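So the chains spell out like this:
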Amino acid sequence: MAARLLDVRGLHAQYGAIRVLHGMDFSVEEGGITTILGANGAGKTTTLRAVCGMVKTKGEIHLSGTRIDGRSTEGIVRLGVAHVPDGRGTFVDLSVEENLRLGAYTRRDKAEVAADFERIYSCFPRLKERRHQQAGTLSGGEQQMLAVSRALMLRPRLLLLDEPSFGLAPRIVQELFEILGEINRQDRVSMLLVEQNAALALQLADHAYLLETGRVVISGTAERIRNDEAVRRSYLGY
Amino acid sequence: MAIACALPFVLSNYRVFQLTLALVYAIALLGLNMLTGYNGQISLGHGAFYATGAYVAAILMDRFGVPYWLTVPAAGAVCLLAGFLFGLPALRLEGLYLALATYALGVAMPQILKYRHIEGWTGGAQGIVIAKPEAPAWSGLSQDQWLYFVVLLCALGMFAIGWNLLRGRMGRAMVAIRDQPIAAEAMGVNTAMVKSMTFGVSAMFTGVSGALGAIVVQFVAPDSFSILLSISLVVGIVIGGLASIQGAIYGALFIQFVPNLADQISKAAPWAIYGVFLIAFMYVMPTGVAGLVRLVCVRLGRWRR
Amino acid sequence: MNALLHQMFSGLASGGIYASVALALVMIYQATHLVNFAQGELAMFSTYISWSLMQAGLPYWGAFFITVAAAFVIGVLIERVIVQPVENAPILSVVIVFIGLLVILNSLAGWIFSYTIKPFPSPFPERPLFGNSYVSSHELGSIGITLIVLALVFVFFRFTPLGLAMRAAAQNPASSRLVGIRVGWMLALGWGLAAAIGAIAGIMVAPAVFLEPNMMAGILLYAFAGALLGGIDSPGGAVLGGFIVGVLENVVGAILGTDIRLTVALVLIIGVLVVRPSGLFGKVRVTRV
């Protein structure tokens, strides 16, 4: 069994007085892709925020054995966790290239950063075309590419993605997920993917967790859940 | 209340004079508190309205021979209008920007008062000296004691007006606008009208206070109404307690007596103390002395039971 | 004509000062959406520091650079110790804290250095350059220094990684954390830079208005006017606004009389806030209900 990159046990999370997550257990394997599925309001976004230290949590979060719960967001990021938030979090007033440069802000290896720029630009030629353009003027699909690219510029060990398919045309989503798969295979970037589009997510991921009002109700390999008609129909709607 | 009436007879003339001034400031603070504490509109320039009231009184008394007790309501009326007019363009300004605009008003006021084209009226940089009102023969009081009671009466009147206003519909509308402006608007409160009216009323109180102040001090000059006056008023409502009527009294006592005491340490000391207290109160006692008193009373009440 | 030209150059010189202070104001505003009412007093206090250093025997430029560094440190400290605790407090509290700071700095200066007006040296020669009658050497030198400072600030923000990080932290603190930027320290740095810029402005203006605790009060007002005119969230706009206000103030003062100058600032401020609050170059903000 592969080693766990991210190991979460007994995670509770709250916004002020409102409890949103009630004791979740889940993990992401080294080099694996785990997806968290569920309806609106189930707590998926909160889960990613919790891993990043953006909400108040109780419970244990381990990254390769190091405890990261309770640390500041900046600190967790510097350990190699990149988060593509819902809404993309683009720096809309800065240029595309500046956005990417910020992704690599914490890195010291200049030559490697330059190499990564080249790779991103060859992977996403549209970003190269618009490198000096203001990020806010890009289309939805392009902004999503930019958001993912910025996260990749960190050379993260773990990539958190919050509903990357949201608001995008099906063709673009397909393209995006193919690229994610490639990145996972080639660069061994582990991923924690939160998605409403269950079909797509289950195709990409190895493991899946189903969230309902802050609790994990079903977990298992993506393949098993994909092939379980009962689960698909009652929980995932297809 | 009884103490307030008895004081002028036991204290020296100078102390009575100081207390009278404290009462004057209390009226101004109530006015500012209405605007800032209850209605949430920051004003760093209320010294300008105080100055306006003072000059109206001085000009009426000195140039037109109007009896002193008439000048007070006149000053109030002028400032009511001035405040309302200033409140109209200020409607579009929120928090920070309003603070900026009123700060500009406060800083510019002394210069406006010195403007040479109106020197004939204002007496320019030297200002105007006013004759001290005589106590009527039947009262048997000294001038200072008489003035004290006149001001006390005015203060009582103004506080009554203020109390009524704040307890009524207007007061509730003011607070609603402070706390939830959009909801208030949606519920039918004419936000624009209430905010402008509040500015006007607040200016009126401060103008009345200015007129009384001018009469008590017997002198108006542009440099006494600098931005430092506006800042003193803000200090007063913060120390006394925002959104509190008694706060006006505590604050007034503070800004009247602390500088006198602190002056003996050094010239710079009063303002250093103001600054430190301002910051300290914001961290530690945001509800001011009035809040502290309320807390103590509640605790005492509980302990008695 | 002569007189008008002279007024314009004077206006540019004072405009440079206003532009610097306006830039400092905008830097803090961009990062925190707050206007630092104590900016002028910070500059004044820093100028006193350089005066003390010179009294102690340091040469002008030595005192200049040490003061700028000291101002930077003071700015950082003020942000970390006094401003950061009230970061999320209601606006009234924050304004009051700033006013408190203003008052403390003012009285501290008066207490330590006394209220007597002191002359302050200028590093530029007494005689006007090329013997012209329009602009003194100090005014020209002042404009020059202002432009150099502004250029350095521009280069810093546009071309260095730290400058980029500070811009990012000001625009979008949440996303900045997600790329590992320590947003709190970016704010402190912004305050430090603003204080340093203010110190330079103070040192440049002191020879003309003489050193005393209240020397910056009027200048702060003009800087506000300039920042608002140019756009309170546009650094370039604020600088331009500062220069415009400087020239305007001098020219109007020459025509209508110098005693009305502060009123010009007042009218300008209120006018801009009412007619076009975002200024000439700022972004128009729409509030969603």
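Within any chain, residue numbers begin from 1 and follow the written order of that chain's sequence. Note on labels: chains are lettered from A, ligands numbered from 1, in written order. In view of the model being predicted, local features appear only for residues whose pLDDT reaches at least 70, and side-chain atom pairs are presented and counted only at 80 or more, with totals across whole chains, interfaces and linings using the full set of residues.

Enquirer: Could you clarify how one ought to interpret the overall build of chain C in this entry?
Expert: Strands are runs of DSSP state E lasting at least 2 residues, helices are runs of H or I lasting at least 4, and numbering of each runs from the N terminus. Each helix and strand in chain C was counted, giving eleven helices and zero strands. Walking chain C from its N terminus toward its C terminus, one meets helices and strands in the order α-α-α-α-α-α-α-α-α-α-α. Expected size for 289 residues packed as a compact globule is a radius of gyration near 19 Å; at 19 Å, chain C falls within 12% of this value. Dimensions of chain C, computed from the C-alpha atoms along their principal axes, are close to 60 × 45 × 35 Å. Backbone-placed C-beta atoms define the burial measure: a residue is buried with 20 or more other C-beta atoms within 10 Å of its own, exposed with 12 or fewer, and partly exposed in between. With 289 residues in all, chain C has 56% of them scored as buried. The long-range fraction of contacts in chain C, counting pairs at least 24 apart against all pairs at least 6 apart in sequence, stands at 74%. We compute the radius of gyration from the C-alpha atoms alone; for a globule the expected value is 2.2 Å times N to the 0.38, where N is the number of residues. Once C-beta atoms are placed from the backbone, any two residues with those atoms within 7 Å are in contact.

Enquirer: What exactly am I supposed to notice about the overall build of chain A here?
Expert: When helices and strands are counted, chain A shows ten helices and ten strands. In terms of C-alpha radius of gyration, chain A reaches 17 Å, essentially the compact-globule figure of 18 Å for 238 residues. Dimensions of chain A along its principal axes, counting C-alpha atoms only, are 45 × 35 × 35 Å. Counting the 238 residues in chain A, one finds 44% classified as buried. Restricting the contact set of chain A to residue pairs at least 6 apart, pairs at least 24 apart contribute 67%.

Enquirer: Teacher, can you tell me more about the interface of chain A and chain C here?
Expert: How big an interface is tends to be expressed through the accessible area that disappears when the partners come together. Listed by partner, the interface residues are 16 residues for chain A and 15 residues for chain C. In terms of residue class, the side of chain A that touches chain C is made up of six nonpolar, five polar and five charged. Three classes are used, and their members are as follows: Ala, Val, Leu, Ile, Met, Phe, Trp, Tyr, Cys and Pro are nonpolar, Asp, Glu, Lys and Arg are charged, and the others, Gly among them, are polar.

Enquirer: How do you make sense of the packing of helix 5 (residues 95-114) of chain B against helix 11 (residues 261-275) of chain C when you look at a structure like this?
Expert: A pair of packed helices can be characterised by two numbers: the angle between their axes and the separation between those axes. Two elements in contact, helix 5 of chain B and helix 11 of chain C, have axes separated by 8 Å at closest approach and are oriented at 155°. With respect to helix 11 of chain C, the axis of helix 5 of chain B lies roughly antiparallel. In this structure, helix 5 of chain B meets helix 11 of chain C at a crossing whose hand is left-handed. Together, B:Y97, B:L100, B:A101, B:A104, B:L105, B:V107, B:A108, B:Q111 and B:I112 of helix 5 of chain B and C:L262, C:T263, C:A265, C:L266, C:I269, C:I270 and C:L273 of helix 11 of chain C make up the contact between the two elements. Grouping the amino acids of the contact of helix 5 of chain B with helix 11 of chain C by side-chain chemistry returns 14 nonpolar, two polar and no charged. In this analysis an axis means a line fitted to C-alpha atoms, helices contributing only their contacting stretch, and an angle means the value between N-to-C directions, from 0 to 180 degrees. Here the word oblique covers every angle except those under 35 degrees (roughly parallel), over 145 (roughly antiparallel) and from 65 to 115 (roughly perpendicular). In this scheme, a crossing is called left-handed if the near helix is turned counterclockwise away from the far one by less than a right angle; it is called right-handed if the turn is clockwise.

Enquirer: Even after reading the chapter, I still don't get the interface of chain B and chain C, so can you show me in this structure?
Expert: If you look at the interface, chain B gives 39 residues, while chain C gives 39 residues. Of all elements in the fold, only helix 5, helix 11 (227-240) and helix 13 (269-284) of chain B reach the threshold of two or more residues within the side of chain B that touches chain C. Broken down by class, the residue content of the side of chain B that touches chain C amounts to 30 nonpolar, five polar and four charged.

Enquirer: Sorry, what's going on with the pairing of strand 10 (residues 215-221) of chain A here?
Expert: Successive residues of a regular strand alternate their side chains across the two faces of the sheet. Residue and element names in this part refer to chain A. By definition, two strands form a pair when at least two bridges between them are found by DSSP. When strand 9 (residues 207-212) meets strand 10, the two strands line up antiparallel, connected through six bridges. Considered in strand 10, the bridge of L211 is made with V216. The loop that links strand 9 with its antiparallel partner strand 10 comprises two residues; one of these, T213, has a positive phi angle of about 35°.

Enquirer: Quick question: what am I supposed to make of the nonpolar core here?
Expert: In a soluble, globular protein the nonpolar side chains are often hidden away together inside. Ranked by internal contacts, the top residues of the largest apolar core, which has 288 residues, are B:A104 and C:I269. With 18 residues, the single largest contributor to this core is helix 8 (residues 183-209) of chain C. With sequence-adjacent residues up to four places away left out, B:A104 is seen in contact with C:L221, C:F224, C:A265, C:L266, C:I269 and C:I270. Only buried Ala, Val, Leu, Ile, Met, Phe, Trp, Tyr and Cys residues enter a nonpolar core, and they are joined through C-beta atoms within 7 Å.

Enquirer: Sorry if this is basic, but what is going on with the packing of helix 5 (residues 137-159) of chain C against helix 6 (residues 161-171) of chain C here?
Expert: Residue and element names in this part refer to chain C. Orientation of helix 5 relative to helix 6, taken along the N-to-C sense of each, is 80°, at an axis distance of 5 Å. Considering the angle they form, helix 5 stands roughly perpendicular to helix 6. Two secondary-structure elements touch here, helix 5 through F156, F157, R158 and F159 and helix 6 through G163, M166 and R167. Taken together, the residues of the contact of helix 5 with helix 6 break down into four nonpolar, one polar and two charged.

Enquirer: Is there a simple way to explain the arrangement of the chains in this structure?
Expert: By contact count, the leading pair among the two pairs of chains in contact is chains B and C. Between chain A and chain B there is no contact, and the shortest C-alpha to C-alpha separation is 20 Å.

Enquirer: Honestly, helix 1 (residues 44-51) of chain A in this entry has me stumped. Any pointers?
Expert: The α-helix winds at 3.6 residues per turn, so residues separated by three or four positions along the chain end up facing the same way. Residues and elements named next belong to chain A. With eight of eight residues buried, helix 1 lies mostly within the body of the structure. Restricting attention to buried positions, one finds in helix 1 the residues K44, T45, T46, T47, L48, R49, A50 and V51. G53 occupies a position one or two residues after helix 1 and carries a positive phi of about 75°.

Enquirer: Would you take a moment to explain the sheet that holds strand 2 (residues 18-29) of chain A for this structure?
Expert: Within a sheet, each strand pairs with its neighbour through backbone hydrogen bonds, oriented either parallel or antiparallel. Residue and element names in this part refer to chain A. Strand order in the open sheet made by the four strands is 2-1-4-5, with antiparallel pairing throughout. The open sheet has two edge strands with one neighbour each: strand 2 and strand 5 (66-67). Packing of helix 1 onto the sheet brings it into contact with strand 1 (4-15), strand 2 and strand 4 (56-63), and relative to strand 2 it is tilted by some 70°.

Enquirer: Looking at this model, I keep getting lost on the environment of C:S93. Mind explaining?
Expert: With respect to the helices, strands and loops of the structure, C:S93 is situated in helix 4 (residues 91-113). Here C:S93 is in contact with B:M282, B:P286 and C:V86, once residues within four sequence places are set aside.

Enquirer: Where do I start with the pairing of strand 2 of chain A in this structure?
Expert: All names here are of chain A. Pairing analysis gives nine bridges linking strand 1 to strand 2, with the strands arranged antiparallel. Bridged to R4 within strand 2 is E29. The hairpin formed by strand 1 and strand 2 contains two residues between the paired strands, and G16 there has a positive phi angle of roughly 65°.

Enquirer: Could you clarify how one ought to interpret the sheet that holds strand 8 (residues 190-195) of chain A in this entry?
Expert: All names here are of chain A. Here we have six strands laid out as an open sheet, ordered 6-7-8-3-9-10, and mixed in their pairing. Each of the sheet's edge strands pairs with one partner strand only, and the pair in question is strand 6 (81-84) and strand 10. The sheet shows a mean angle of 15° between the axes of neighbouring strands, direction not considered. Pairing of strand 7 (residues 158-162) with strand 8 involves five bridges; the strand directions are parallel. From the neighbouring strand, L158 faces strand 8, where its bridge partner is S190.

Enquirer: Would you mind going over the environment of C:V267 with me for this structure?
Expert: All names here are of chain C. Relative to the helices and strands, V267 resides in helix 11. Here V267 falls in the partly exposed class, since 15 other C-beta atoms lie within 10 Å of it. Between the alpha carbons of V267 and A225 there is a distance of 9.1 Å; along the sequence they are 42 residues apart.

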